[in-house]
Amino acid sequence: MMLQGKTWKFGADVDTDAIIPARYLNTSDPAELAKHCMEDADPAFPTKVQPGDIIIAGKNFGCGSSREHAPIAIKAAGVSCVIAKSFARIFYRNAFNIGLPIFESVEAAEAIQEGDEVAVDSAQGVIKNLTKNETYKATPVPEFMQQIIAAGGLIGYVSERLRGAKQA
Amino acid sequence: MAMTITEKILAAHAGMDRVEPGQLINVQVDLALGNDITAPVAIREFERIGVETVWDRERVVLVPDHFVPNKDIKSAEQVKGLREFARKHQLPHFYEVGRMGVEHCLLPEQGLVGPGDLVIGADSHTCTYGGLGAFSTGVGSTDLAAAMALGETWLKVPESIKFVYYGELPRWVGGKDLILYTIGQIGVDGALYMAMEFTGPAIEGLGIEGRLTMANMAVEAGAKNGIVAPDEITRRYVEGRAKRPYTFYQSDPDARYAQVIEIDVSKLEPQIAFPHLPENTRPVSEAADVTIDQVVIGSCTNGRLSDLQLAAEVLKGHRVSDNLRLLVIPGTQDIYMQALREGLVEQFIEAGAAVSTPTCGPCLGGHMGILAKGERALATTNRNFVGRMGHPESEVYLCNPAVAAASAVLGRIAAPWEVE
């Protein structure tokens, strides 16, 4: 799958409270959550972001809470993927489970500047900076995680397994 | 083949003789936990899977604790969803307001988790149960949904870092200070994807509540789990309490660690984490100029009975400063009752504090103690991110309960010995 968009750049340790503050967690409606996506990191983000845009961040993106509302808010805001130096553990799992593509690349996170147009070949893990005409490589996704993505997220994967078990 | 305690628990739950760091494994879970923020999403996803019932109704635990007693209509609807799901599936472990507690205080207290267990919970502080010698870790709602259906989950076996705490703990220094100091040393991603194993004489001398506090904040260093090997102190806590059989695991002496970090605790001061990350720690004596508007004593980190006893000891004979408000939130109804019987609640109220029914409310900026623009809070909670307790331009400082109490008296961050 090819993902392409304009980039928005954030720093290190962007936490889940910054991605979706707890004051909005009395709902789990993706459209409502999207209205407040990244609000405490950049209050204007929800109005600026365009479908397909890409978030670039430093180390430990998504640290803090287990709230799946964080990747849900990012996905529902139209962001096509997140590229960071590293991801917090629970956020990493949650992103795969709900089908938000994420890529770990120190090189890309450092070189890409806000506003650059970036294209990502998600299968190959190749990140192209169309503005600067540079190419970066993302850390390969474990095969098991690729199976989850192929099944449309964890629920699809589990449903397939259960169906398989019934037929066997 | 030598293994760490974490590797042994994972191997046992994967039905394997041994596991190695980096390996992806499927494990049986002993318990799956959700709260009023995460369970609504998990229930929605569970219903998409297409199974009729949860895998084991005794092992799915739902604790509405974040926005309760319900702060508004939307949060009431969320809890109603949990309540209806619990009734439909006849879940015995749904904990209603009045009979509940902050989840990570409640589960150990009720004997729902024990040594050697493998627990996942849709709450990042599920790592708390490592204080009992269990493997426990936070996951998202979809992972919880899958576990509610299958009774299993997948995990990557983490590498372990061994922390050895030696020396005698100074007065007023406890588990909270050890973990804040440790996070200050290694950073908020210092143990990313790893297990933090807490060992050494200072840990052996720490009560079970201090150990739970330390394991609770492992996630603030990015860790998958924090763990303390169970011992006689653990046995005394779980005996007569545990609802299921338990197993004591120990790391082998020659187990492999990614790193071993030794910390001399004998000269440690109580620690303060400055905004806006738990890694921004300083000794309390270097924080004395910070005036504060609100003090919160409670949460899954420090809302247990020993925390309230410590706070009451410091508050004794003093009044809360006119310039701030002190909120005290017992972690569970049992803790609340104990605090009543011991006269702690009376003491808090006489000192000028507000005492609340159990809730996570202020810790996550949910309700009960939201900060206005420019306000500062000192809290025994676990996170001090931007906007954590309210307005994005407010500030949260983290500390132990004794420091919180002393600071409530003096109206600024203060060491307990300043009010003795």
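Residues numbered from 1 in each chain as written. Chains lettered and ligands numbered in written order. Predicted model: local features only at pLDDT ≥ 70, side-chain atom pairs only at ≥ 80, totals over all residues. Heavy atoms only, no water.

S.K.: Give a detailed account of the overall build of chain B, specifying residues and quantitative values.
M.R.: From N to C terminus, chain B includes 14 helices and 17 strands. For chain B, the C-alpha radius of gyration of 20 Å lies close to 22 Å, the compact-globule estimate for 420 residues. Each principal axis of the C-alpha atoms in chain B carries an extent, and together these give about 55 × 50 × 40 Å. Buried positions account for 64% of the 420 residues belonging to chain B. A fraction of 75% describes how many contacts in chain B between residues 6 or more apart in sequence connect residues 24 or more apart. For chain B, the exposed surface amounts to about 14300 Å²; the carbon and sulfur share of it is 47%. Looking at charge distribution, chain B has the averaged site of its 37 positive side-chain charges lying 4 Å from that of its 53 negative ones. (Helix = DSSP H or I, 4+ residues; strand = E, 2+ residues; numbered from the N terminus. Rg over C-alpha atoms; globule rule 2.2 N^0.38 Å. Buried < 20%, exposed > 50% of the residue type's maximum accessible area, 1.4 Å probe, protein only. Contact = heavy atoms within 4.5 Å. Areas by Shrake-Rupley, 256 points an atom, 1.4 Å probe, with all protein chains shown as cover. Lys, Arg positive; Asp, Glu negative; His and termini not counted. Charge placed at Lys NZ, Arg CZ, Asp CG, Glu CD.)

S.K.: Explain the overall build of chain A residue by residue, including any values.
M.R.: Within chain A, the regular secondary structure consists of eight helices and seven strands. Since a compact globule built from 168 residues should have a radius of gyration of about 15 Å, the 16 Å found for chain A is in line with a globular shape. Dimensions of chain A, computed from C-alpha atoms along their principal axes, come out at roughly 50 × 40 × 25 Å. Counting every position in chain A, which comprises 168 residues, the buried fraction comes to 61%. Taking contacts inside chain A between residues at least 6 apart in sequence as the whole, the part at least 24 apart equals 63%. If the 17 positive side-chain charges of chain A are averaged to one point and the 20 negative ones to another, these points end up 5 Å apart.

S.K.: Can you explain the packing of aromatic side chains? Please cite residues and give values.
M.R.: Think of a pair of aromatic rings as described by two things: how far the centres are apart, and how the planes are tilted against each other in angle. All names here are of chain A. Considering all chains together, one arrives at 15 aromatic pairs over all chains under this definition. Between the aromatic rings of Phe-10 and Phe-45, the centroid separation amounts to 5.7 Å while the plane-to-plane angle is 70°, which identifies the pairing as edge-to-face. Here Phe-45 lies in helix 3 (residues 45-48) and Phe-10 lies in the loop between strand 1 (2-9) and helix 1 (16-19), a separation of 35 residues in the sequence. Geometrically, the ring pair formed by Phe-87 and Phe-91 is stacked, given 6.1 Å between the ring centres and 5° between the ring planes. Accessibility expressed as a relative area gives 0% for Phe-87, which makes it buried. (Phe/Tyr/Trp six-rings, centres within 6.5 Å; stacked < 30°, edge-to-face > 60°.)

S.K.: How would you explain the interface of chain B and chain A if you had to name every residue and give the values?
M.R.: On the chain A side, the residues contacting the 49 residues of chain B number 41 residues. Seen at the junction of chain B and chain A, the total is four salt bridges. Residues Arg388(B) and Asp17(A) are paired through a salt bridge, measuring 3.0 Å at the closest nitrogen-oxygen approach. Counting residues per element, the ones that place at least two in the side of chain B that touches chain A are strand 1 (24-28), helix 2 (39-49), helix 3 (73-88), strand 5 (135-138), helix 5 (141-150) and strand 6 (152-156) of chain B. Considering each element in turn, the side of chain B that touches chain A owes the most residues, six residues, to helix 5 of chain B. Across the side of chain B that touches chain A, the residue classes tally to 23 nonpolar, 13 polar and 13 charged. (Salt bridge = Lys/Arg side-chain N within 4 Å of Asp/Glu carboxyl O. Nonpolar A, V, L, I, M, F, W, Y, C, P; charged D, E, K, R; others polar.)

S.K.: Give a description of the sheet that holds strand 6 (residues 126-129) of chain A that names residues and reports values.
M.R.: Residue and element names in this part refer to chain A. Read across the sheet, seven strands follow the order 4-3-2-1-5-6-7 without closing on themselves; strand pairing throughout is mixed. With partners counted over all chains shown, the strands left at the sheet margins are strand 4 (102-104) and strand 7 (134-137), one partner each. Averaged over all pairs of adjacent strands, the angle between their axes in this sheet comes to 30°, without regard to strand direction. (Pairing = 2+ DSSP bridges. Axes fitted to C-alpha atoms, helices over the stretch in contact; angles between N-to-C directions.)

S.K.: Can you lay out the packing of helix 5 (residues 89-98) of chain A against helix 7 (residues 143-150) of chain A for me, pointing to particular residues and giving the numbers?
M.R.: Residue and element names in this part refer to chain A. It is the contact of helix 5 with helix 7, at a shortest axis distance of 8 Å, that shows an interaxial angle of 40°. By the angle class used here, helix 5 and helix 7 are oblique. Counted together, Tyr-92, Phe-96 and Asn-97 of helix 5 and Met-145, Ile-148 and Ile-149 of helix 7 form the full contact between these two elements. Grouping the amino acids of the contact of helix 5 with helix 7 by side-chain chemistry returns five nonpolar, one polar and no charged. (Parallel < 35°, antiparallel > 145°, perpendicular 65-115°, else oblique.)

S.K.: Please set out unusual backbone geometry residue by residue, giving values where relevant.
M.R.: The omega angle of the peptide bond from Val68(B) to Pro69(B) is -20°, so this bond is cis rather than trans. Here Pro69(B) shows up in the loop between strand 3 (60-63) and helix 3. Here the amide bond leading from Pro275(B) into His276(B) is cis, since omega sits at -5°, within 30 degrees of zero. Its identity as a non-glycine residue notwithstanding, Met38(A) has a phi of 65°, on the positive side. Locating Met38(A) in the fold gives a position in the loop between helix 2 (30-34) and helix 3. A positive phi angle, near 50°, is found at Gln90(B), a position not held by glycine. With respect to the helices, strands and loops of the structure, Gln90(B) is situated in the loop between helix 3 and helix 4 (103-109).

S.K.: Residues and numbers for the UniProt feature "domain: Aconitase A/isopropylmalate dehydratase small subunit swivel" (unreviewed entry) in chain A, please.
M.R.: As annotated by UniProt and renumbered to match this structure, "domain: Aconitase A/isopropylmalate dehydratase small subunit swivel" (unreviewed entry) occupies residues 41-100 of chain A. Within the segment residues 41-100 of chain A, helix and strand shares are 37% and 13% respectively, and the terminal C-alpha atoms sit 20 Å apart. (UniProt positions renumbered as here; feature names shortened; annotations may be inferred.)

S.K.: Could you give me a rundown of the nonpolar core, with the residues and numbers involved?
M.R.: Core analysis: the biggest nonpolar cluster contains 132 residues, and Phe61(A), Ile74(A) and Phe91(A) have the highest contact counts within it. Residue contacts for Phe91(A): discarding those within four places in its chain leaves Ile19(A), Phe61(A), Gly62(A), Ala70(A), Pro71(A), Ile74(A), Leu100(A) and Ile102(A). (Core = buried A, V, L, I, M, F, W, Y, C linked by side-chain atoms within 4.5 Å.)

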